[in-house]
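So you can see what is in the structure, the chains are spelled out below.
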Amino acid sequence: MHLFDRKLQDLFRDRTVLEKWIIFFACLLTCTFFVVAIMKVREDGIFAEKNVMCESEECIVAASSIKKSINLDVQPCDNFYEFACGKWQQNHEMQSEVPANWFVERSKNITKEITKILENNDSPNDLRSVREARRLYRSCMDINTINSVNYEPVFVLLEKVGLPRMFPDFTTATYLNGTSFNVARTLALIQRYLGVDILLQLGLEVNPNTNLTAITIGPVSTYTSPLPEPLFDYHNQDKIGYRRPFDIHRLFDEIEFKERLAMAKLEYMVKVITAIVPNELLNLQNLIQTCLKVLALEIKLLNTDVDYDIKPEEFTTSGLMKYMYSNSSDPLDDRLFDWQSFIDHFTTESNAQWTMNDVVLVRKKEYLLELQWMLLDIPLQEIQQLLWWRVVESLVVHTTNHMVDLRTEYYESVIQTRRIMTRQDFCTSVTKSLLKFPIAYEFYTHHDLKDTTAKVFGMVSKLQNELKNMISESDWTDDETKELMLNKLDSLRIGVGYPKIFEMPHLLDQKYSYINIMVFEYLQSILNIKSAEVGQLLEQLGQPAAKLSSEKQILTDPLEVNAFYNKMDNSINIPAGILQTPFFYKGNDVVNYGAIGTIIGHEITHGFDIEGKDYDTHGHKVPLWTPDSERQYLLRALCFVDQYDNFKINLYTRLNGTRTLGENMADNVGLKQSWKAYKSNKIGRGSHLPGLTEYTNDQLFFLSYANLWCRVPPTKDDETLQNIINDEHSPSTARVLGSLRNSPDFAEVWNCPAGSPMNPTQKCTMW
């Protein structure tokens, strides 16, 4: 007899019938429990995933968007970008103008809604700042009045800052009383009323030694207009969410562009000057020579190599003045930079206190020594001409139709493309630029994002946890470095949707109490806004850092279709503008993790990319990593550099893997974070999209990721732009293919054979 049989007999021997039945049912229940447990683990039987078809409008839109973009003629393991996006352009051909990509398409939709808001009549419940935004829009649309006042508003400002109405020459550099044109006074007034950096770049920073805000002074590192530039923004829509890199491998194209830019700028400058100050006695050839000198001086003064990671040096203003004068033989020379006059006029009409004994923070002090030499060496009228031109150039696009046409021609000759911009587009862009928060508040009142915001906050938390796990499980990062990274992740500041101030609209109105639009004075109204904004900045001078931090307002446009990481305060911001299809769907979380989830992961990763890893939680650039972890990190980073260096942009051009390293790493790690969060939290189990049932949810995750970066195929004009825009982002194709080729999970989900184009044997990974 078997041992088992004997044991069973012993179990039932001398038992009553009731006891035998109890033992039998106990054994039966135990067996049932084990069977159910196995079914639950294996997700079989009653625990099997139930297929529920999502038929909400959001799910139908999501499915349609993805399905219409798929090109079934391409095998997913050969080129997943072409498979997922090959039909994207056809999907949008019904539109009058096919948008470049999803970011541009959704931005245009928001712009159209903004135009409707601005064209609506005021209602009694509107915020005052919203009503003022409409007044500004209407004054901008009143082109007849703008044409009739001609260039008088420009002349008024020129005189206000101490410049002549006419284009300066040697007769305007000295006055009848024998005194000379005061460069410092005019420069200060231009800064005060227009906010233009010309010879000096001013800013506000917290002095780490005193924890008080101080003036920063340095060379001009970039030329940007302080006023809205709608025509420029319109021609550079790819700057939103997607930018092509500058092609350094074809230097002749760069030189060709510079020559074209110089000729276009010179022609534009001559046309503007002859239109704004017509003078029959003006010699055109002499004017061209003068304009060439002004443009050459602009280039000479531009310092693009200013390193803002280097701490500025402390000077008292009087100490800085002595340093600038140190090589001058004549301390009474009226061409020496008059710092007292600069201070007096820069702080005019404000309560700011800045004296010659106050500390200023100086960047690249050698430039200031060079600047003083230039002021002594360059004829005074040439300095005056430069200042005059920079003021006029900033203002004229906001004057007559003729000036708008000249600026449009200038941009078109540089970018070599033609697009039509309506006056509505122009005025919407101007108003949104100056009053973005009151306009965004109108969206806030009509588009409830409370549930969406809560869900996105939850996604951020899940993604943070996954990156923590990835870092903790890393076998190459030592414990000391891991602890620093985990602490930085824990201290991440998160902003989602709309700013908190929208919950207190009276405070929002207070922040814009300085806005006072004069309907028939469009340009002057803009200048009043700019002057008030500079005045508000001056009010912060000498304030403690803690107070500024408590009053800090998120400056990101709430309606921008993008997302951001700020290394200076270790924060990410996911604006309301991007919380829409195809980036976020209310109906399907699988698609959400493939889309907005990878974007959030991308931004979180920027805190630890090749640049972000060197900044602490307060934005200070300090060495944080141990030498060994740093070495191992750079070895892995080099893999990404080599990999992306091999991407071809066109027949002659390869991608620059070094310049795009930070963004490429963020793409790769962000995708991995979101995938892990999606899988570990069992997102979207049993939920399917209509028309896409042939794809599993795992496959749908990667389809939604690729669809995010679908765009119109590049044209010849786009390839020209590629040589203009120096961008750190890779092209869409490389963003998708690079990340997915490095993902073993993608290869497994799509059954890509080892060694196939989408499953190379060599992969790059960081964590």
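All figures in this text were calculated on a predicted structure; none of them were measured in a lab. (Residues numbered from 1 in each chain as written. Predicted model: local features only at pLDDT ≥ 70, side-chain atom pairs only at ≥ 80, totals over all residues. Heavy atoms only, no water.)

Draft legend 1. Structural detail: the state of the cysteines. Taken as a whole and assessed by the stated rule, the structure comprises 4 disulfides. The partner cysteine of cysteine 140 in its disulfide is cysteine 427, sulfur to sulfur 2.1 Å. Disulfide cysteine 140 to cysteine 427: torsion about the S-S bond roughly -80 degrees, handedness left-handed. Of this pair, cysteine 140 sits in helix H7 (residues 128-141) while cysteine 427 sits in helix H19 (residues 423-434), and the two are 287 residues apart along the sequence. For the pair cysteine 140 and cysteine 427, a shared accessibility class is recorded, and that class is buried. The residue that forms a disulfide with cysteine 639 is cysteine 764, at a sulfur-sulfur distance of 2.0 Å. Here the disulfide of cysteine 639 and cysteine 764 is left-handed, its torsion about the S-S bond being about -80 degrees. Of this pair, cysteine 639 sits in helix H28 (residues 627-645) while cysteine 764 sits in the segment after helix H33 (744-749), and the two are 125 residues apart along the sequence. The buried category is assigned to cysteine 764, whose relative accessible area is 4%. (Disulfide = S-S within 2.5 Å. Helix = DSSP H or I, 4+ residues; strand = E, 2+ residues; numbered from the N terminus. Buried < 20%, exposed > 50% of the residue type's maximum accessible area, 1.4 Å probe, protein only.)

Draft legend 2. The arrangement of the confidence of the model for the protein chain in detail. Residues at a pLDDT of 70 or more form 83% of the protein chain, whose mean pLDDT is 83. Counting contacts from residues 45-50, a segment whose pLDDT is below 50, to residues more than four positions away or on other chains yields 11 contacts. Every residue in residues 719-725 is under pLDDT 50, and counting partners more than four places away or in other chains gives 27 contacts. (pLDDT = per-residue confidence, 0-100. Contact = heavy atoms within 4.5 Å.)

Draft legend 3. A look at the nonpolar core. With 210 residues, the main nonpolar core has Phe80, Leu199 and Trp767 as its most contacted residues. Apart from the residues within four sequence positions on either side, phenylalanine 80 is in contact with Phe702, Leu703, Ala706, Leu737, Leu740, Phe746, Trp750 and Met758. (Core = buried A, V, L, I, M, F, W, Y, C linked by side-chain atoms within 4.5 Å.)

Draft legend 4. Seen up close, the pattern of salt bridges. For the coordinates displayed, the defined rule picks out 29 salt bridges. In this structure, the salt-bridge partner of aspartate 122 is arginine 134, at a minimum N-O distance of 2.9 Å. Here arginine 134 lies in helix H7 and aspartate 122 lies in the loop between helix H6 (102-119) and H7, a separation of 12 residues in the sequence. Judged by its relative accessible area of 35%, aspartate 122 is partly exposed. By relative accessible area, arginine 134 is classed as buried at 3%. Between arginine 135 and glutamate 132 there is a salt bridge, with its nearest N and O atoms 3.5 Å apart. Highlighted residues: arginine 135 and glutamate 132, both in helix H7, separated by 3 residues, approximately one helical turn. We classify arginine 135 as partly exposed; its relative accessible area is 30%. Here the salt bridges share partners, and the residues they tie into one network are Asp122, Asp126, Arg134 and Glu442. (Salt bridge = Lys/Arg side-chain N within 4 Å of Asp/Glu carboxyl O.)

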